[in-house]
Amino acid sequence: MTVDIRPYDRERDAEGLYESKVAFERGLGENTGGDEKAAAYEGKLTDAYRERWLDWVDRCVEDDPRCVTVAVDSRTRAVVGYVFVLPERLAMVWDAAVLNELYVAPEHRGTGVADDLIDAALALAADQDLPLDRLVLDVDPANERAKGFYDRHGLESWGEMVARPLDDA
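Residues numbered from 1 in each chain as written. Predicted model: local features only at pLDDT ≥ 70, side-chain atom pairs only at ≥ 80, totals over all residues. Heavy atoms only, no water.

Trainee: Describe the pattern of salt bridges, listing the residues and the values that go with them.
Mentor: Enumeration over the complete set of coordinates arrives at 14 salt bridges. In this structure, Arg-66 engages Asp-64 in a salt bridge whose closest nitrogen and oxygen atoms are separated by 3.7 Å. The closest approach of N and O atoms between Glu-144 and Lys-147, which form a salt bridge, is 3.9 Å. With Glu-144 and Lys-147 both in helix α5 (residues 144–152), this residue pair falls 3 residues apart, about one helical turn. (Salt bridge = Lys/Arg side-chain N within 4 Å of Asp/Glu carboxyl O. Helix = DSSP H or I, 4+ residues; strand = E, 2+ residues; numbered from the N terminus.)

Trainee: Report on the side chain of Lys-21, specifying residues and quantitative values.
Mentor: By the element assignment, Lys-21 lies in helix α1 (residues 10–31). Looking at Lys-21, the relative accessible area reads 2%, which means it is buried. Engagement of the side chain of Lys-21 in a polar contact is seen with the side chain of Glu-25, the distance being 2.4 Å. Those residues in contact with Lys-21, other than ones at most four positions away along the chain, are Tyr-49, Trp-53, Tyr-82 and Glu-101. (Buried < 20%, exposed > 50% of the residue type's maximum accessible area, 1.4 Å probe, protein only. Polar contact = N/O pair within 3.5 Å; in protein donor to acceptor, adjacent residues only side chain to side chain. Contact = heavy atoms within 4.5 Å.)

Quick look at the structure:
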């Protein structure tokens, strides 16, 4: 099975990209947290969220077409994975290039697709003018598979993210 790695194109890829986004979000909720986290991630996946997220993707891709790279099964033309790096104008979020999301469908894991996607992310990050020459991302410490993948690609722990619900404010 051959997979093509290429920049996202809304006309061809929007539906498949969003299906992959949904799988990414459900995986975060189900695999790295309890029922409460799974419900929170599932609850945000509304039609309004879909439109808002795809519009945001479009704005990022307008800045740099390489911000979203898709992995497409060359036989079925289905999106089987993606990587989303924030555009350079948002580098000040963490003073570095930000790998927002990386997802590969379970049936394509272990095939090298994720390696190709992280290579695309690193190439884009290397071309950005950054305060700190780093690529950063948030990975759940309970996600051993992801941690192993990122370790293999030279990413190392660099701080820890903490969060608080806003409804407690």
